[in-house]
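# Breakdown of the fold
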Amino acid sequence: MSDYLPDSLLVSIEELIEQIQAMNLFNDTFISVVFKDEGACLHLVRQLMQKPDLKIIACRTQNAIPMLISKSPRLDITAEDDQGTLYEIEIQRLEEPAPARRVRYYSSVMDSELLRKGVTYDNLPEVYLFYLSEKDIWQRGQTVYELEQLLRIGDDSIPYDNGLHTVYVNAEVDDGSNIAKLMQYLKTAKAGDTSQGALSAHVNYLKSPEGGREAMGEFEKIFTEKGRAEGEAKVHRETALEMLKDGEKLSKIMKYSTLAKEAIFTLASENGLEVVVG
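Overview of the structure.

### What about the state of the cysteines?
What the rule picks out here adds up to one disulfide. Residue pairing for Cys41: its cysteine sulfur links by disulfide to Cys59, the two sulfurs lying 1.6 Å apart. Taking the sign of the S-S torsion, about 85 degrees here, the bridge from Cys41 to Cys59 comes out right-handed. Residue Cys41 is located in helix 3 (residues 38–49), and its partner Cys59 is located in strand 1 (residues 56–61); the two are separated by 18 residues in the primary sequence. Accessibility expressed as a relative area gives 27% for Cys59, which makes it partly exposed.

### A closer look at empty space enclosed by the protein
Overall, the coordinates contain one cavity of 30 Å³ or more when judged by the stated rule. Its boundaries defined by the atoms lining it, the largest cavity holds a volume of some 40 Å³. What lines the largest cavity is Gln92, Arg93, Leu94, Glu95, Glu96, Tyr131, Ser133, Glu134, Lys135 and Ile137. Split by residue class, the lining of the largest cavity holds three nonpolar, two polar and five charged.

### Section: the packing of aromatic side chains
By convention here, two paired aromatic rings are described through the distance between centres and the angle between planes. Per the counting criterion, the structure on display carries three aromatic pairs. The interplanar angle of 20 degrees and the centroid separation of 5.8 Å between the aromatic rings of Tyr87 and Tyr128 together place this pair among those described as stacked. Highlighted residues: Tyr87 in strand 3 (residues 86–92) and Tyr128 in strand 4 (residues 127–133), separated in sequence by 41 residues. Under the relative-accessibility criterion, Tyr87 is labelled buried at 2%.

### Some details on the pairing of strand 4
Most of strand 4 is tucked away, with seven of its seven residues classed as buried. Strand direction decides the pairing type here: strand 3 and strand 4, joined by seven bridges, are parallel. Each bridged residue has a counterpart across the sheet, and for Glu88 the counterpart in strand 4 is Leu129. For the crossover that starts at strand 3, traverses helix 4 (residues 99–116) and ends in the parallel strand 4, the hand is right-handed. In terms of strand pairing, strand 4 meets strand 8 (residues 164–170) through seven bridges, oriented parallel. Paired with Leu129 across the strands is Thr166, a residue of strand 8.

### What to know about the sheet that holds strand 8
Judged by pairing direction, the sheet is mixed, and its six strands sit side by side in the order 1-2-3-4-8-5 without closing on themselves. At either margin of the open sheet sits one strand with a lone partner, and together these are strand 1 and strand 5 (144–146). Adjacent strand axes in the sheet meet at a mean angle of 15 degrees when their direction is disregarded. Summarising the sheet, strand 1 and strand 2 (residues 77–81) pair through five bridges and their orientation is antiparallel. Bridge assignment links Cys59 to a residue of strand 2, and that residue is Ala79. Packing against the sheet, helix 3 makes contact with strand 1, strand 2, strand 3, strand 4 and strand 8, and its axis sits at approximately 95 degrees to strand 3.

### Overview of unusual backbone geometry
A positive phi angle, near 55 degrees, is found at Gln50, a position not held by glycine. Checked against the element boundaries, Gln50 lands in the loop between helix 3 and strand 1. For Gln50, a relative accessible area of 40% gives the class partly exposed. Even without being glycine, Thr258 reaches a positive phi, approximately 65 degrees.

Each value, and the rule that gives it
- Residues numbered from 1 in each chain as written.
- Predicted model: local features only at pLDDT ≥ 70, side-chain atom pairs only at ≥ 80, totals over all residues.
- Heavy atoms only, no water.
- Disulfide = S-S within 2.5 Å.
- Helix = DSSP H or I, 4+ residues; strand = E, 2+ residues; numbered from the N terminus.
- Buried < 20%, exposed > 50% of the residue type's maximum accessible area, 1.4 Å probe, protein only.
- 1 Å grid on protein atoms, 1.4 Å probe; cavity = no way out; pocket = protein on both sides within 12 Å on 5 of 7 lines; lining within 4 Å.
- Points joined across faces, edges and corners; volume = space filled by probe spheres on them.
- Nonpolar A, V, L, I, M, F, W, Y, C, P; charged D, E, K, R; others polar.
- Phe/Tyr/Trp six-rings, centres within 6.5 Å; stacked < 30°, edge-to-face > 60°.
- Pairing = 2+ DSSP bridges.
- Right-handed = clockwise from strand over helix to strand, strands pointing away.
- Axes fitted to C-alpha atoms, helices over the stretch in contact; angles between N-to-C directions.
- Contact = heavy atoms within 4.5 Å.

Below you can see the structure in the form of C-alpha cells.
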C-alpha cells in the first residue's frame, strides 16, 4: 500500500485510524457505522429491553432513517421486532436544554410519518423510546428512569397507556445492573473489551487495523458529509447575523437564512442584538 500512495495520503489514513481508535459510542460518526451491523444493533436493543431472546427484523441507523422520517432531527437507531413494536434510540453526548421536549418531538415525528404512510390511529404500534445520555440529566442518582403515565380520577389514578414507553438511561450512574454495564461500555468502547457480545465484537473489528481500513471509505464519507453540513450551517448563521445587524424583520431572516425562529433569537442574544418581530 505504501508503494502506491503519496506520503500525505498515508498520513491522513493513519490519522483517521487513530481517530477511530479513540471513538466511543457517544460519537455520532462511530454510532452510524457500528450499528449498521445487525448483531451490534440487536445486542443494544436486547440489553436495553432486558430481553435476550427478542427477535429484531429490521434495524436502521441515522443514515437510513431519513427514508423513514421526513424531517430532522434524526434518531440514531430505529429497530422493529417480529411483533411490530418499534424501538427508537437517541444517543446524546452533549447536554440538551429540553430533553423531555426533544423526546416529545421524536415520538410525534415518527407517528406522523406512520400515519402519512397509511397506518390508522388504532393501529399505531407500541413504541419504546430510549434516550441515552452520558450525564444523569435528572440528577436523582439512578441509571434508568422510566416515564409512567397516569390518568387522575378524583383522588385516584389509573395507568394511561397510549402505546408510548419513554425510558431515560445514563452512563454517569453505575448501579451495577446489566444496563449500567452496557452504558459504561458505550462510554469507553475500548478495543479488546469483549463484555458486550456482538456489539463488542464489531467495535473490536472496526478498531483493528484490518477493520479500520476496510471501513475507511464509510468513515471518510461521513466526515465529508458532516463537514459540508457544518459549512452550510455556518453560512446560514452568517447570513442571519448580517440581517440582524441590518435590522431586518424576523420573517425575512427566517426565509433567507433558513434558520428556525429559536435559532435566530439565540444568535441575536449571543451577539447582543435585537430581533425585529414581523
